[in-house]
Amino acid sequence: MHCQTGSWGSYMPTSRNTVGDPLERIERLASENAVVIFSISSCCMCHAIKRLFCGMGVNPTVYELDEDPRGKDMEKALMRLLGTSPAVPVVFIGGKLVGAMDRVMASHINGTLVPLLKEAGALWL
């Protein structure tokens, strides 16, 4: 199932394949689209990162972990991957981990975010 929203991009349910290690699942989901955001629907930083990408004309695929039956396991795996808490938002571009809000904003400010988005095919201009 694929749901389009007017403001955030593509929302994909994360319950398609509920078998396997949460980290493997994250890596698989992250590699399926140009820009993937792992989020929690009530998180203000997640909201800000989604606004950033949409404001740039990028259509991210967003996985809301609080709406997934295995979302807590995925959130724990993201915390291990990042080595920090909280685990969201986490952004992957071109299947590669960019990081949490601080890394994405640093990339945006220093000018490396747009080239990453272009290289992944998420931005054309």
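Throughout what follows, the structure given in this document is the object of discussion. (Residues numbered from 1 in each chain as written. Predicted model: local features only at pLDDT ≥ 70, side-chain atom pairs only at ≥ 80, totals over all residues. Heavy atoms only, no water.)

Within the span of helix H1 (residues 22–31), buried status applies to Pro 22, Arg 25, Ile 26, Leu 29 and Ala 30. Taken down its axis, H1 places every buried residue within 130° of arc, on the same side. In H1, those exposed residues whose orientation departs by more than 90 degrees from the buried face are Glu 24 and Ser 31. Buried residues in H1 make contact with strand S3 (35–39), strand S4 (61–64), helix H3 (71–82) and strand S5 (90–93). (Buried < 20%, exposed > 50% of the residue type's maximum accessible area, 1.4 Å probe, protein only. Helix = DSSP H or I, 4+ residues; strand = E, 2+ residues; numbered from the N terminus. Arc of directions from axis to C-beta. Contact = heavy atoms within 4.5 Å.)

To continue, consider the packing of aromatic side chains. Applying the stated criterion across every chain, the model contains 2 aromatic pairs. When the centroid spacing of 5.4 Å and the interplanar angle of 20° are considered together, the rings of Phe 38 and Tyr 63 count as stacked. Of this pair, Phe 38 sits in strand S3 while Tyr 63 sits in strand S4, and the two are 25 residues apart along the sequence. Relative to Phe 92, the ring of Phe 38 lies with its centre 5.8 Å away and its plane at 80°, an arrangement referred to as edge-to-face. Of this pair, Phe 38 sits in strand S3 while Phe 92 sits in strand S5, placing them 54 residues apart in sequence. Comparing Phe 38 with Phe 92 shows no difference in burial state: the two are buried. Among the aromatic residues, ring-to-ring pairing joins Phe 38, Tyr 63 and Phe 92 into one connected group. (Phe/Tyr/Trp six-rings, centres within 6.5 Å; stacked < 30°, edge-to-face > 60°.)

Along the chain, Val 88 connects to Pro 89 via a cis peptide bond; the corresponding omega equals 0°. Looking at the secondary structure, you find Pro 89 in the loop between H3 and S5.

Moving on, we come to the pattern of salt bridges. Scanning the entire structure with this criterion turns up 4 salt bridges. Arg 28 serves as the salt-bridge partner of Glu 32, at 3.3 Å between the closest nitrogen and oxygen. According to the relative accessible area criterion, Arg 28 is partly exposed, its value standing at 28%. (Salt bridge = Lys/Arg side-chain N within 4 Å of Asp/Glu carboxyl O.)

Turning to the side chain of Arg 25, a few remarks are in order. When you line up the elements, Arg 25 lands in helix H1. Among the polar contacts listed, one links the side chain of Arg 25 to the side chain of Asp 68, at a separation of 3.2 Å. (Polar contact = N/O pair within 3.5 Å; in protein donor to acceptor, adjacent residues only side chain to side chain.)

Among the structural elements, Val 62 can be located in strand S4. Residues Val 62 and Phe 38 lie 24 residues apart in sequence; the distance between their C-alpha atoms is 6.0 Å.

The subject of this paragraph is the side chain of Glu 75. With respect to the secondary-structure elements, Glu 75 resides in helix H3. The residues touching Glu 75, leaving out its near neighbours within four places in the chain, are Ile 40, Leu 65 and Ala 87.

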